[in-house]
Amino acid sequence: MWQKEDMMSVSFVGLKDDLKAAAHDWWLHGIPVVPLEGKKPLVEWARWQTQPQTPEDFEGLDFERADGFAIICGTKNAQGLYVAAIDFDTKNVSEEAKQKGRKVLNYLPITQLEQTPSGGLHYIYYCVEKPKSVSAYHNVCGLEVLGEGKLCIMAPSNGYKRLNDNTPTVINGSLNKVFEEALSKAGIQVKASYWFDVEKLESPYKGADPPCIKALLKGVNEGLRNEAGIRLVSYLLNFRGVPVKKALHQMFLWNNRNMPPAFTGERSSKHR
């Protein structure tokens, strides 16, 4: 007679098979996938943002340890369309924000819909234009655009489930524009541009570095360097108004703190 532990083992094996099958289906459509354990990637995935995930790459993924998988947003499928998602967070925001978010969702195109463990939602889309990641409205309405440089965890990952049989709707243009139009229709003011969740300033910022910037300046691990570097250089040039040469010098110093550095070699004396 089977024990409870035996049944749990069989269930977990079934989950792993389902995960790999679902991940394989996305991969067949040209979208790179990343196995996860406790929402943590089990592989360095940055290279697949700009290069294909080969059959050898896919077969080398560790689905034996995985309890979930994610797709890499901002990458192209076999038809040349970018994949992206709008994420509705119901766990880390206020009740007022959740109410506003639900109102915005009413104005989004119907598409593939999945539920997160906390009751949040993922609206999955294909886009003609490359989608930009946007988190500036998270505290306002619990919504983010998961675009370039972001992972989106997919069903049947642990706690995630598919809510309909729809395939991703194609946005013939910009998903970011569609998102902003939905915000406007829901009565949420759309700002022209944001830097670190605040409106872009007319004059350079002179205050202390935000905690998120302080953390990035300590250096990051492989797989996070590209995104962190873009954030830092944008912060220095566009938010603080640091001159290009000085910003370049600071980026060299930051690079040396990464594990491993994104590039190696002597810095030019003019940047010392």
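So, a few notes on the structure that sits alongside this text. Being a predicted model, the structure only gives us computed values, none of them experimental. Numbers given to residues run from 1 along each chain, matching the order in which its sequence is written. Per-residue local features are limited, in this predicted model, to residues with pLDDT of at least 70; the limit for side-chain atom pairs, both in listing and counting, is 80 or more; totals at the level of whole chains, interfaces and linings are taken over all residues. Derived side-chain values reflect all non-hydrogen atoms in the structure, with water molecules and hydrogen atoms excluded from consideration.

**Comments concerning the side chain of Asn77**
To qualify as a helix, a DSSP run of H or I must reach at least 4 residues; to qualify as a strand, a run of E must reach at least 2; elements of each kind are numbered from the N terminus. Mapping Asn77 onto the fold places it in the loop between strand 3 (68-72) and strand 4 (82-88). A distance of 2.9 Å separates a polar atom in the side chain of Asn77 from the backbone nitrogen of Gln79. Any pair of residues with heavy atoms lying within 4.5 Å of one another is described as a contacting pair. Beyond its immediate chain neighbours, meaning those up to four positions away, Asn77 contacts His29, Gly30, Ile31 and Tyr126. Distance and chemistry together define a polar contact, namely a pair of N or O atoms within 3.5 Å, with one atom able to donate a hydrogen and the other to accept it when in protein, and with adjacent residues in sequence counting only for side-chain atoms on both sides.

**With respect to the environment of Val140**
Tracing the backbone shows Val140 in helix 4 (residues 138-141). When accessible area is computed with a 1.4 Å probe and restricted to protein chains, residues below 20% of their type maximum are described as buried, those above 50% as exposed, and intermediate ones as partly exposed. Looking at Val140, the relative accessible area reads 35%, which means it is partly exposed. C-alpha separation for the pair Val140 and Lys100, spaced 40 residues apart in sequence, amounts to 7.6 Å. Non-local contacts of Val140, meaning those with residues more than four positions away in its chain, are made with Ala97, Lys100 and Ile188.

**Details of unusual backbone geometry**
With the exception of glycine, most residues fall at negative phi, and the peptide bonds are largely trans. Cis peptide bonds are those with omega within 30 degrees of zero, and the linkage from Ala155 to Pro156 qualifies with 5°. Considering the arrangement of structural elements, one finds Pro156 in the loop between strand 8 (151-154) and strand 9 (161-162). In this structure, Pro260 follows Met259 across a cis peptide bond, with omega equal to -10°. With respect to the helices and strands, the residue Pro260 is situated in the segment after helix 8 (244-257).

**Focus: the state of the cysteines**
By convention in this document, the label disulfide applies to cysteine sulfur atom pairs within 2.5 Å. According to the stated counting rule, one finds zero disulfides in the structure shown. A disulfide-free cysteine, Cys127 has its sulfur positioned 9.2 Å from the sulfur of Cys73, the nearest such atom. Relative accessible area serves as the criterion here: at 0%, Cys127 is assigned to the buried category.

**Things to note about helix 7 (residues 225-239)**
By this rule, a helix spans an expected 1.5 Å times one less than how many residues it contains. For helix 7, which comprises 15 residues, the first-to-last C-alpha distance of 20 Å matches the rise-based estimate of 21 Å (1.5 Å per residue) to within 8%. Those residues of helix 7 that sit buried are Arg225, Ala228, Gly229, Leu232, Ser234, Tyr235, Leu236 and Phe239. Gly241 sits one or two positions beyond helix 7 and adopts a positive phi of about 70°.

**Considering the pairing of strand 1 (residues 33-37)**
Counting buried residues in strand 1 gives four out of five residues, a clear majority hidden from the surface. Only strands joined by at least two bridges in the DSSP assignment are considered to pair. Where strand 1 meets strand 3, four bridges bridge the pair, whose relative direction is antiparallel. When the sheet's bridge partners are listed, Val34 is paired in strand 3 with Ala70. Pairing geometry for strand 1 and strand 2 (residues 40-41), over two bridges, is antiparallel. Considered in strand 2, the bridge of Leu36 is made with Pro41.

**Looking at the packing of helix 7 against helix 8**
Inter-axis angles, ranging from 0 to 180 degrees, are taken between N-to-C directions of lines fitted to C-alpha atoms, where helices are fitted over the stretch in contact. Close contact between helix 7 and helix 8 brings their axes to 10 Å; oriented N to C, the two are set at 150°. As far as their axial angle goes, helix 8 and helix 7 are roughly antiparallel. Crossing of helix 7 over helix 8 shows right-handed handedness. The segment helix 7 lies against helix 8, with Arg225, Ala228, Gly229, Leu232, Val233, Leu236 and Leu237 engaging Val244, Ala247, Gln250, Met251 and Trp254. The nonpolar class holds Ala, Val, Leu, Ile, Met, Phe, Trp, Tyr, Cys and Pro. Asp, Glu, Lys and Arg form the charged class, and all remaining residues, Gly among them, are polar. Tallied by class, the residues present in the contact of helix 7 with helix 8 amount to nine nonpolar, two polar and one charged. Angles are sorted into four bins: roughly parallel if under 35 degrees, roughly antiparallel if over 145, roughly perpendicular if 65 to 115, and oblique for all others. If you view the pair so one helix is near and one far, a crossing is left-handed when the near helix is turned anticlockwise from the far one by less than a right angle, and right-handed when it is turned clockwise.

**A look at helix 8**
With 14 residues, helix 8 ought to run about 20 Å at 1.5 Å a step, and its terminal C-alpha atoms sit 20 Å apart, in line with that. Along helix 8, the residues that are buried comprise Ala247, Met251, Phe252, Trp254 and Asn255. Projected down its long axis, helix 8 shows its buried positions confined to an angular sector of 165°, all on one face. Seen from the open side of helix 8, the exposed residues pointing more than 90 degrees away from its buried face are Lys245, Lys246 and Asn256. Check the buried side of helix 8 and you find it contacts helix 6 (211-217) and helix 7. In this context, the arc is that of the directions from the helix axis out to the C-beta atoms.

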